[in-house]
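Working through the structure, step by step
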Amino acid sequence: MTTEVGTEVQIPCSSQGDPLPVITWNKDGIQITESGKFHINRQGLTIRDAGPADQGRYECVARNNIGYSSVSMVLTVTVPEVSRTGDPFVTASINEAIATVDRAINSTRSHLFDGRPRSPNDLLALFRYPRDPYTVEQARAGEIFERTLQLIQEHVQNGLMVDLNGTSYHYNDLVSPHYLNLIANLSGCRAHRRINNCSNMCFHQKYRTHDGTCNNLQHPMWGASLTAFERLLKSVYENGFNLPR
């Protein structure tokens, strides 16, 4: 079977026997369990929001206490080379996002540091404001990335007569993967990840770092910010980017 990325795939498989067989599914030799990605019933296997990571050999196994029978198939997921509606708005949106975020940061700095604190909340905000420029850059990059995607969505909505607020809305419908990588690079989200020097054992056994580096002395980057987890399944988000289902 061949399908396009983002579609819902139905792989039929049924069995008969006495006693009634139990059906299990394997993908490339690994058993599949019910999840947000896979749904298993007596009629077959459903794969939601198929992506390149979902292609491979699927095996349906029917088993009872007398024996078992199995059948397999190969799923191929294609990614069509098409331009997305939001691609033309990327450059303008990221420039606008950078300007907006920088204005907000400068406004916060002037409010906190130009004059004495005007309230207990101002004093608390002053203490909480990060002194490390690297920490500020981390937060700035994330804000620029999110704001750019919001602006692209607004631009597209202003130019289209379709509703993009439904549950079927995905960022991948608007912006191609190439431009998503471009946004990440220009915003700073893909900047080189620095690796801290964790040799000062006297310090690191007593204090924890703000970004999680050196908190695990055997593996300094485990649990650190901007360090990806290893995924066992393809990520599935409500909008294709960051909203949980």
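What comes next is a walk through the structure. On a predicted model such as this, the values are computed, not experimentally measured, just so you know.

A look at the overall build of the chain
- On a plain count of helices and strands, the chain comes out with 6 helices and 8 strands.
- Starting at the N terminus and walking to the C terminus, you meet the elements of the chain as β-β-β-β-β-β-β-β-α-α-α-α-α-α.
- In summary, the chain has a C-alpha radius of gyration of 25 Å against a globular reference of 18 Å for 245 residues, an excess of more than 25%.
- With the C-alpha coordinates aligned to their principal axes, the bounding extent of the chain is approximately 80 × 55 × 30 Å.
- For the chain, the residues scored as buried account for 31% of the 245 residues in total.
- For the chain, the share of sequence-separated contacts (at least 6 apart) that also reach a separation of at least 24 residues comes to 59%.

Looking at the sheet that holds strand β5 (residues 38-41)
- Taken in spatial order, the 3 strands line up as β2-β6-β5 in an open sheet, and their pairing is antiparallel. Edge positions in the sheet fall to β2 (9-12) and β5, since each of these pairs with one other strand and no more. Direction aside, neighbouring strands of the sheet carry axes that sit 15° apart on average.
- Sheet topology places β2 next to strand β6 (residues 44-47); 4 bridges connect them, and they run antiparallel. For P12, the partnering residue across the bridge sits in β6 and is G44.

Notes on the state of the cysteines
- Applying the stated criterion to the full structure yields 2 disulfides.
- The disulfide bridge from C13 ends at C60, spanning 2.0 Å between sulfur atoms. Given an S-S torsion of about -80°, the disulfide between C13 and C60 has left-handed geometry. In this pair, C13 is assigned in the loop between β2 and β3 (22-27) and C60 in strand β7 (residues 56-63), connecting sequence segments 47 residues apart. An identical accessibility class is assigned to C13 and C60; each is buried.

Focus on unusual backbone geometry
- Of note, the amide linkage connecting D18 to P19 takes the cis form, showing an omega dihedral of 0°.
- Topologically, P19 is positioned in the loop between β2 and β3.
- Positive phi outside glycine occurs at D28, with the angle close to 50°.
- The class for D28 is partly exposed, based on a relative accessible area of 46%.
- Positive phi outside glycine occurs at C214, with the angle close to 70°.
- The residue C214 is located in the segment after α6 (201-204) in this model.
- In this structure C214 comes out as buried when scored by relative accessible area, which is 0%.

Describing the sheet that holds strand β8 (residues 68-78)
- The strand order across the open sheet formed by 5 strands is β1-β8-β7-β3-β4, and the pairing between neighbours is mixed. Taken across any chain shown, the strands that pair with only one partner, and hence form the sheet edges, are β1 (2-4) and β4 (30-31).
- The pairing of β7 with β8 spans 8 bridges and is antiparallel. By the bridge assignment, C60 is partnered in β8 with V71.

Description of the packing of aromatic side chains
- Taken as a whole, this structure holds 2 aromatic pairs when the rule is applied.
- Where F203 meets Y207, the ring centres are 5.2 Å apart and the plane angle is 40°; that geometry is what we call tilted.
- The exposure class assigned to Y207 is partly exposed, which follows from its relative accessible area of 42%.

Notes on the pattern of salt bridges
- Applying the stated criterion across every chain yields a total of 5 salt bridges.
- Of the charged contacts in the structure, one is a salt bridge between D54 and K37, with a shortest N-O distance of 3.0 Å. Taken together, the positions of D54 in the loop between β6 and β7 and K37 in the loop between β4 and β5 put the pair 17 residues apart, joining distant regions of the chain. Each member of the pair, D54 together with K37, is buried.
- Residue R140 is joined to E137 by a salt bridge in which the shortest nitrogen-to-oxygen separation is 3.6 Å. In this pair, R140 and E137 both sit in helix α3 (residues 133-159), 3 residues apart, roughly one turn of the helix.
- Classification of E137 by relative accessible area gives partly exposed; the value is 43%.
- When salt bridges that share partners are traced, they join D102, E137 and R140 into one network.

Reading the values: rules and limits
- Residues numbered from 1 in each chain as written.
- Predicted model: local features only at pLDDT ≥ 70, side-chain atom pairs only at ≥ 80, totals over all residues.
- Heavy atoms only, no water.
- Helix = DSSP H or I, 4+ residues; strand = E, 2+ residues; numbered from the N terminus.
- Rg over C-alpha atoms; globule rule 2.2 N^0.38 Å.
- Buried < 20%, exposed > 50% of the residue type's maximum accessible area, 1.4 Å probe, protein only.
- Contact = heavy atoms within 4.5 Å.
- Pairing = 2+ DSSP bridges.
- Axes fitted to C-alpha atoms, helices over the stretch in contact; angles between N-to-C directions.
- Disulfide = S-S within 2.5 Å.
- Phe/Tyr/Trp six-rings, centres within 6.5 Å; stacked < 30°, edge-to-face > 60°.
- Salt bridge = Lys/Arg side-chain N within 4 Å of Asp/Glu carboxyl O.

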